[in-house]
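Residue-level structure breakdown
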Amino acid sequence: KSSCPLPGWRSWNLYGANIDQETMMKIMDGMVSRKRQVDGKNTSLCDLGYCDVGLDDNWQICAKSPEHGYTYHSDAGFPAVNPGRFPDMIAMTTYAHKLNLTAGWYLNNCICQDHCGNGKDRGETDESCYVGDVDALVQFGFDSVKLDGCGKQRDLNVWATLFKEAGKSIMIENCHWGGTVPNETWCPFNFYRTSGDVQASYASVVSNLASTYQWASQNLSTPGCWAYPDMLEVGCQHGPHGAEDPGLSEEETRTHFGAWCIVSSPLTLSHDVNNDTIMDQIWKVIANPEAIAINQAYAGFSGGPFQTSDDFVILPSVHGENETFKVPGWTYLYKPLKQDNTKIAVLLMNSDLSTKTLKLDFATIPGFKCEKGCQVRDIWARQDLGGFDDSFSVALKSHDSAFLVVSSS
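The structure contained in this document is the topic of the report that follows. (Residues numbered from 1 in each chain as written. Predicted model: local features only at pLDDT ≥ 70, side-chain atom pairs only at ≥ 80, totals over all residues. Heavy atoms only, no water.)

Structural notes on empty space enclosed by the protein
Heads up, the condition is: Buried and open spaces are told apart on a 1 Å grid over the protein atoms alone, a cavity being a set of points where a 1.4 Å probe fits but cannot get out and a pocket being an open set with protein on both sides within 12 Å along at least five of seven lines. Residues with an atom within 4 Å of a point are the lining residues. Grid points are joined across faces, edges and corners, and a volume is the space filled by probe spheres set on the points. Helix numbers and strand numbers start at the N terminus; a helix is a DSSP run of H or I with at least 4 residues, a strand a run of E with at least 2. Gly counts as polar in this scheme, as do all residues outside two lists: the nonpolar Ala, Val, Leu, Ile, Met, Phe, Trp, Tyr, Cys and Pro, and the charged Asp, Glu, Lys and Arg.
Considering all chains together, one arrives at one cavity of 30 Å³ or more under this definition. Lining the largest cavity are 15 residues; nearest its centre among them are L6, R10, D52, F191 and T268. Contributing elements (two or more residues each) for the lining of the largest cavity: β1 (8-10), β6 (144-148) and β7 (171-175). Here the lining of the largest cavity is composed, by residue class, of eight nonpolar, three polar and four charged.

In structure tokens, the structure reads:
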């Protein structure tokens, strides 16, 4: 299993069901394009670690099989690819590999969800479609897979066993929306969804982020088994959720990305990487090497909150429902970067509707001590702010954040 959260890209948040092979191959080109720079060097998204390009739902053709009535499998259990959208899966994954990318697939689909399998998380009695899907994945040359929770193929032990027996190392995303989670001795996947689908709104981002907290507190988000609050909505607007995807402001974009970094979530981009306007707007955020390094670090705790305000803010509806979401006016999250706790990443989030000055008292950071003063570095600005004795204060606009590394002097 990979010891670090896997960065990459996936198609759903941008394209929804409107996806095809040509589009995927253009995205692959965009992932290796070196049109932009980091520290004066031409750099691609893959150079930064975003190298897994994942196809989501609607690669299949929906039609009932003659005998069993399967909706996108043959009666023998082999998946039916829509040749109009994906005429040559092998050519697509081969293209990815030529670009030094890995290619991700999607199974147990939601569109025309199938009923082969018993629908149970454990104790599967019909493995025919599992076998057909794994055979197809290996034949097509995919390297990773998102296993959704819509169809009846929910037994993750069966999936993991079949991949292992096929002799191919596959990165597995468990997308059961928080319904199937690991324990101290069981995690046959590499990362697991802790929430429903994220949307391009601040309320949705904060709601999904909070779904990771309980797993981090139980030490169940660890190397090779990461808690995952869904894809990044950075650079996304008006995706498959329509009006429920209003897009994120510049401040919300920073906070969203920083939050996913500090809780060790896999960083799965889902915007149009070939849109120069969008890429120019978000490049300094998604290409911040210090933020990515914090995401990839692990020193015994995956990251979570340690302090919140007593005052709450009511945010608008989440996930398209007629409801509101109550969150603390501000939240402080932390993640140790060294085993001896002498270096800590901290994210100060202002969820209030107005600008607030937030004060970080160093003594409140769990396990952290700086007896002779603390050094503070601004991750967004990528500059040292100097030494501070007991605390650090910063004024933040609504929904903005300060991303810091605090070190003992």
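There is more to say after this.
Comments concerning the sheet that holds strand β14 (residues 330-336)
Threshold: Should DSSP find at least two bridges between two strands, the strands are taken to pair. Lines fitted to C-alpha atoms define the axes, with helix axes restricted to the stretch in contact, and inter-axis angles between N-to-C directions lie between 0 and 180 degrees. What makes two residues a contact is simply this: any of their non-hydrogen atoms within 4.5 Å.
Pairing within the open sheet is antiparallel, and its six strands lie in the order β11-β14-β15-β20-β17-β18. Since the sheet does not close on itself, it has two edges, and those belong to β11 (304-308) and β18 (383-388), each with one partner. Across the sheet, the mean angle from the axis of one strand to that of its neighbour is 30 degrees, orientation sign disregarded. Helix-sheet contacts for helix α8 (residues 250-262) involve β14, β15 (343-350) and β20 (401-408), and the interaxial angle to β15 is about 145 degrees.

Structural notes on the layout of surface pockets
Put simply, the largest pocket is a space of about 470 Å³. Lining the largest pocket are 22 residues; nearest its centre among them are S249, E250, T253, Q281 and I282. When residues of the lining of the largest pocket are traced back to their parent elements, those giving at least two are α8 and α9 (276-286). Looking at the lining of the largest pocket, the element that brings in the most residues is α9, giving six residues. Partitioned by chemical class, the residues of the lining of the largest pocket number nine nonpolar, seven polar and six charged.

Section: the side chain of N208
Under the convention used in this document: Here's how the labels work: a residue is buried when its accessible area is under 20% of the maximum for its type, exposed when over 50%, partly exposed in between, all with a 1.4 Å probe on protein chains only. For this analysis, a polar contact is any N or O atom pair within 3.5 Å, provided that within protein one partner can donate a hydrogen and the other can accept it, and provided that sequence-adjacent residues contribute only side-chain to side-chain pairs.
For N208, the location among the structural elements is in helix α6 (residues 202-210). For N208, a relative accessible area of 1% puts it in the buried group. Engagement of the side chain of N208 in a polar contact is seen with the backbone oxygen of P229, the distance being 3.0 Å.

Some remarks on the environment of P87
Along the chain, the position of P87 falls in the loop between β4 (52-54) and α3 (89-98). Exposure remark for P87: the relative accessible area of 61% places this residue in the exposed category. Through-space distance from the C-alpha of P87 to that of F142 is 16 Å; in sequence the pair is 55 residues apart.

Observations regarding the nonpolar core
Basically, it comes down to this: Among buried residues, those of type Ala, Val, Leu, Ile, Met, Phe, Trp, Tyr and Cys that are joined through side-chain atoms within 4.5 Å constitute a nonpolar core.
Counting 90 residues, the largest nonpolar core has Y50, W59, M89, W105, F257, I286 and F403 as the members making the most contacts within it. In this structure Y50 touches P7, G8, M31, L45, F257, L267, L269, I286 and I292, once residues within four positions along its chain are discounted. Counting residues in hydrophobic clusters, the runner-up holds 22 residues, among them F301, L358, C374 and V376.

Some remarks on the pattern of salt bridges
To be explicit about the condition: The working definition used for a salt bridge is a side-chain nitrogen of Lys or Arg within 4 Å of a carboxyl oxygen of Asp or Glu.
According to the stated counting rule, one finds 18 salt bridges in the structure shown. Between D276 and R36 there is a salt bridge, with its nearest N and O atoms 3.0 Å apart. Taken together, the residues D276 in helix α9 and R36 in strand β2 (residues 36-38) connect sequence positions 240 residues apart. By relative accessible area, D276 is classed as partly exposed at 35%. Taking the relative accessible area as the measure of exposure, R36 reaches 12% and is therefore buried. Close ionic contact of R377 with E290 constitutes a salt bridge, the shortest N to O distance being 2.8 Å. With a gap of 87 residues between them, R377 in strand β17 (residues 374-378) and E290 in helix α10 (residues 289-296) connect regions that are remote in the sequence. Classification of R377 by relative accessible area gives partly exposed; the value is 22%. Residue E290 is classed as buried on the basis of its relative accessible area, which comes to 17%.

Note that all results are geometric; they support no functional claim without further evidence.
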